[in-house]
Amino acid sequence: FLYLDSQTSSSSETYCCLGRAVPDGDVVFVLQRDDANEPFTVWNPRNGQSYPIDARYSPLVSVSVIFSNTNAWINIGPPKDIAEQSFDLSDAKLWHALQPTGTSAAAAEGEAEEEEEEEDADALHVAK
């Protein structure tokens, strides 16, 4: 999906989601939509079937985490039926972004590496 998104000039969005499905239990599904004003389509990667996210017959019953190649969001909202769940990832009352807005994953990784190097240097200094 990400490859297809990159090859078109559309404003499509693609995410992976961790959730629960019937009868599968814990699952990883794909959420995709072609326009931000449209509801997501849920794709089951195991069998290739897709469902509108608000369909009562969708096997996906809850979503706990959504992630993309740039961020991850934890569902901190009250438990809701999937058809009633808001997928507005900018709503801080419902979704907690693990990567703060305006910070790239590469920058965060660089900061983590710098902290590790500082800790290693401190440990080396103490060992001497």
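Structural notes, computed from the coordinates. (Residues numbered from 1 in each chain as written. Predicted model: local features only at pLDDT ≥ 70, side-chain atom pairs only at ≥ 80, totals over all residues. Heavy atoms only, no water.)

This part is about the packing of aromatic side chains. Per the stated rule, a full pass over the model turns up five aromatic pairs. Relative to F87, the ring of F40 has its centre 6.0 Å away and its plane inclined at 70°; by these criteria the two rings are edge-to-face. With F40 in the loop between β2 (25-33) and β3 (41-43) and F87 in the loop between β6 (72-75) and β7 (95-97), this residue pair connects regions lying 47 residues apart in the sequence. For F87, a relative accessible area of 11% puts it in the buried group. Aromatic ring contacts, followed pair by pair, group Y15, F40, W73, F87 and W95 into a single cluster. (Phe/Tyr/Trp six-rings, centres within 6.5 Å; stacked < 30°, edge-to-face > 60°. Helix = DSSP H or I, 4+ residues; strand = E, 2+ residues; numbered from the N terminus. Buried < 20%, exposed > 50% of the residue type's maximum accessible area, 1.4 Å probe, protein only.)

L31, L60, V63, I66, F87 and W95 are the most contacted members of the largest nonpolar core, which has 18 residues in total. Sorting the residues of this core by element identifies β1 (13-21), β2 and β5 (60-67) as the ones contributing at least two each. Not counting the four nearest positions on each side in its chain, F87 is found in contact with L31, R33, F40, I53, V63, I66, I82 and W95. (Core = buried A, V, L, I, M, F, W, Y, C linked by side-chain atoms within 4.5 Å. Contact = heavy atoms within 4.5 Å.)

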